[in-house]
Amino acid sequence: MAYKARLREFDNILNKDIIDLEDLKKLAFTGIPDDQGKRAICWRLLLNYLPTEKSSWSTYLKTKRDLYRQFIDEMIVTPGAKEVDGDVEDHPLSMNPDSEWQTFFKDNEVLLQIDKDVRRLCPDISFFQQPTEFPCSVVVNSMDVKRLHRRVERRVLKSANVERKGMGMTKIALSFKKANEDYAPMDEGQEAHWEVVERILFLYAKLNPGQSYVQGMNEILGPIYYTFASDPDATYREWAEADSFFCFTNLMSEIRDFFIKTLDETQCGINSMMTRMLVQLKNSDLDVWLRFQQLELRPQYYSFRWITLLLSQEFPLPDVLRIWDSLFSDEKRFNFLIYICCAMIVILRNQLLNGDFPLNLKLLQNFPPMDVQIILSKAVELSKKGF
Amino acid sequence: MAKKTYDLLFKLLLIGDSGVGKTCILFRFSDDAFTTTFISTIGIDFKIKTVELRGKKIKLQIWDTAGQERFHTITTSYYRGAMGIMLVYDISNEKSFENIVKWLRNIDEHANQDVEKMILGNKCDMDDKRTVSKERGEAIAREHGIRFMETSAKANINIERAFNELAEAILDKTAGRESGDHIDRVMVDRRQQASTSRSCCNN
């Protein structure tokens, strides 16, 4: 009953012509129902992707989705097309900095890193290895030519496979072996969700050369894409890729400083977030803080990952989604994240006060399974103390 | 938990390019298992294993690091305390081998001068994809005067041996130092350290 009432509350807010974002934040802070694609639509709003006037949604979404399609065409489909045309000015060994081939090879370095990481995204669930219902047709019907991972696939020529047959005829057989069977690419016409994620990250890196791709971005995109691509409403699910791209871009605009090494020491960089967390811990639980000081257990050792990835590696996916409901609804993003991190420590205080350095670090790096609600309630409690 | 369960504590560090198998090597060593389902390491990770060498119980505190450039500020802060460093490359990834030189420079800049080093050419089970010959691995190790081994976390080749050899090399150094006139003082220091941390635990 309470659950139904809750769904109704969301409907009340979402059915209005102009959505009151403040009301939505208040409600969503305590968790968005998993059903009816509520989370997907709320996140689109909370991440400032969808405008609040509902009447503008269809035109707005169409513009954005067309734009995304254009990105794919420009950055994934066309560069290779020149090669087919047999452009004589540009060639793989060209030293010209404007050479498309030069760009191609530079891009591949970024792509190689992305490729390694998307193949190890959320390995505990099979979702990302499954085929998407809505593959990108220009890519999947290209005889593999446009598939991004093909560009960075490692191949080895084996001399043993060179056969001589009679009249000077030479037959060379190449063997290609797939690197990771679980994340094996799909047949022509199909693609797996991890391939879609790879494309989004690649486009993001191309469009944001200042940041490019940093390990961990996959863990930020993963839950967003998962939420959008499992929306029960097919008219939205169909556009999961484009919508995730823009929501991810918006979210990154708020947290990208965590990912940039040169900003580590700045006010919005990762170090300052870790310092804030430590100050908060000192205020919330002096004993634990002292114990950490004594053991020289620095926040970099555990909270670097917590904060950079918005806790996405610490909990199972459903819990991450629930935590992110609160984070995205946080009026002052990402203050509440600091409180959650502190709550996680305070909840373990008895063990932490008794443990030595290795035990404590192991505990913090492998947070024990528990009802995420306990952590969130504790975080709210700490935030209300208002230090 | 207050009981002292080891004689010596060695801090080790695993470094190398992303995806060469650092986490898998450590997992094989600490849990004797292999899985391909590892998420990428962000920042720094940590495991412990106690081994017995020459009648001494040695607790290995092993730090696993993220490979990408971005995380170096976080990870290099731990170089200083490391007594042994394993540099890992992937025998099927040329670039990861070329970067060994870069990682060595990193060690020179950030680690203690007398840190024990070892180069590991991992994934040696994947011979059909090999692009870096064993000889090249040996050559670079010889050039820098470092131990070298080819390993496979998947096929469990040389993993334990690598850690044991590195630990033994550190033990040799420690013992060498002890054989001087500070022998007793050093030993006492260690025991004191261990007992202080023990009494803290009882607080």
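So, how was this worked out
Residues numbered from 1 in each chain as written. Chains lettered and ligands numbered in written order. Predicted model: local features only at pLDDT ≥ 70, side-chain atom pairs only at ≥ 80, totals over all residues. Heavy atoms only, no water. Helix = DSSP H or I, 4+ residues; strand = E, 2+ residues; numbered from the N terminus. Buried < 20%, exposed > 50% of the residue type's maximum accessible area, 1.4 Å probe, protein only. Contact = heavy atoms within 4.5 Å. Areas by Shrake-Rupley, 256 points an atom, 1.4 Å probe, with all protein chains shown as cover. Core = buried A, V, L, I, M, F, W, Y, C linked by side-chain atoms within 4.5 Å. Domains from an automatic or database assignment. pLDDT = per-residue confidence, 0-100. Pairing = 2+ DSSP bridges. Right-handed = clockwise from strand over helix to strand, strands pointing away. Axes fitted to C-alpha atoms, helices over the stretch in contact; angles between N-to-C directions. Parallel < 35°, antiparallel > 145°, perpendicular 65-115°, else oblique. Left-handed = near helix turned anticlockwise from the far one by under 90°.

*Asks:* For the overall build of chain A, give the residues involved together with the corresponding values.
*Replies:* When its secondary structure is counted, chain A shows 19 helices and two strands. Split into buried and exposed, the 387 residues of chain A put 52% on the buried side. Restricting the contact set of chain A to residue pairs at least 6 apart, pairs at least 24 apart contribute 71%. Element-wise, carbon and sulfur atoms account for 54% of the exposed surface of chain A, whose accessible area totals about 18200 Å².

*Asks:* Before we move on, could you go through the nonpolar core and cite the residues and values that matter?
*Replies:* Membership of the largest hydrophobic core comes to 151 residues, with the highest contact counts inside it found for A:Tyr225, A:Tyr302, A:Trp324, A:Leu327, A:Ile340 and A:Ile345. Sort the elements by how many residues they give to this core and helix α16 (residues 335-347) of chain A lands first, with 11 residues. Here this core spans two domains, and each of domain 1 (56-145 + 184-256) and domain 2 (261-385) of chain A adds at least three residues to it. Setting aside residues up to four positions removed in sequence, A:Ile345 forms contacts with A:Met277, A:Leu281, A:Val288, A:Phe292, A:Tyr302, A:Trp306, A:Leu352 and A:Leu364. B:Phe10, B:Leu12, B:Val51 and B:Met149 belong to the second-largest nonpolar core, a separate cluster that totals 29 residues.

*Asks:* Tell me what's going on with the confidence of the model for chain A, and back it up with residues and numbers.
*Replies:* In the predicted model, chain A carries a mean pLDDT of 87, and 88% of its residues have values of at least 70. Throughout residues 173-180 of chain A the model reports pLDDT below 50, and contacts reaching past four residues in sequence, or to other chains, amount to 13 contacts.

*Asks:* Hey, could you go over the environment of A:Arg237 for me, with residue numbers and the actual values?
*Replies:* Residue and element names in this part refer to chain A. Tracing the chain through its elements places Arg 237 in helix α10 (residues 234-237). Using a relative accessible area of 17% as the deciding quantity, one classes Arg 237 as buried. Sequence-wise, Arg 237 and Ile 323 are 86 residues apart; in three dimensions their C-alpha atoms are separated by 22 Å. Not counting chain neighbours up to four residues away, the residues in contact with Arg 237 comprise Glu 133, Phe 134, Phe 228, Ala 229, Ser 230, Asp 231 and Pro 232.

*Asks:* Talk me through the pairing of strand β5 (residues 116-122) of chain B; I want residue IDs and the actual numbers.
*Replies:* Residues and elements named next belong to chain B. Of all seven residues that make up β5, seven are buried, and the element is covered over most of its length. Burial of β5 is two-sided: the residues Glu 116, Met 118, Leu 120 and Asn 122 facing one way and the residues Lys 117, Ile 119 and Gly 121 facing the other way are all buried. Note that strand β4 (residues 84-90) and β5 share seven bridges and pair parallel. Looking at β5, one finds that Tyr 89 is bridged to Gly 121. Strand direction decides the pairing type here: β5 and strand β6 (residues 147-150), joined by four bridges, are parallel. Note that in β6 the partner of Leu 120 across the bridge is Met 149. Read as a crossover between parallel neighbours, the route from β5 over helix α5 (residues 134-144) to β6 is right-handed.

*Asks:* Mind laying out the packing of helix α3 (residues 38-46) of chain A against helix α9 (residues 217-229) of chain A, listing which residues take part and the relevant values?
*Replies:* Residues and elements named next belong to chain A. Orientation of α3 relative to α9, taken along the N-to-C sense of each, is 130 degrees, at an axis distance of 8 Å. It follows that α3 is oblique to α9 by the angle criterion. As α3 packs across α9, the resulting crossing turns out to be left-handed. Contacts between α3 and α9 involve Arg 39, Ala 40, Trp 43 and Arg 44 from the former and Pro 223, Ile 224, Thr 227 and Phe 228 from the latter.

*Asks:* How would you sum up the pairing of β4(B)? Please name residues and give values.
*Replies:* All names here are of chain B. Among the seven residues of β4, seven are classified as buried, and the element is accordingly described as predominantly covered. By the alternation rule, side chains of β4 split into Gly 84, Met 86, Val 88 and Asp 90 and Ile 85, Leu 87 and Tyr 89, which are all buried. Inspection of the sheet shows strand β1 (residues 8-16) paired to β4 by five bridges, in the parallel sense. Residue pairing for β4: Ile 15 is matched across the bridge by Leu 87.

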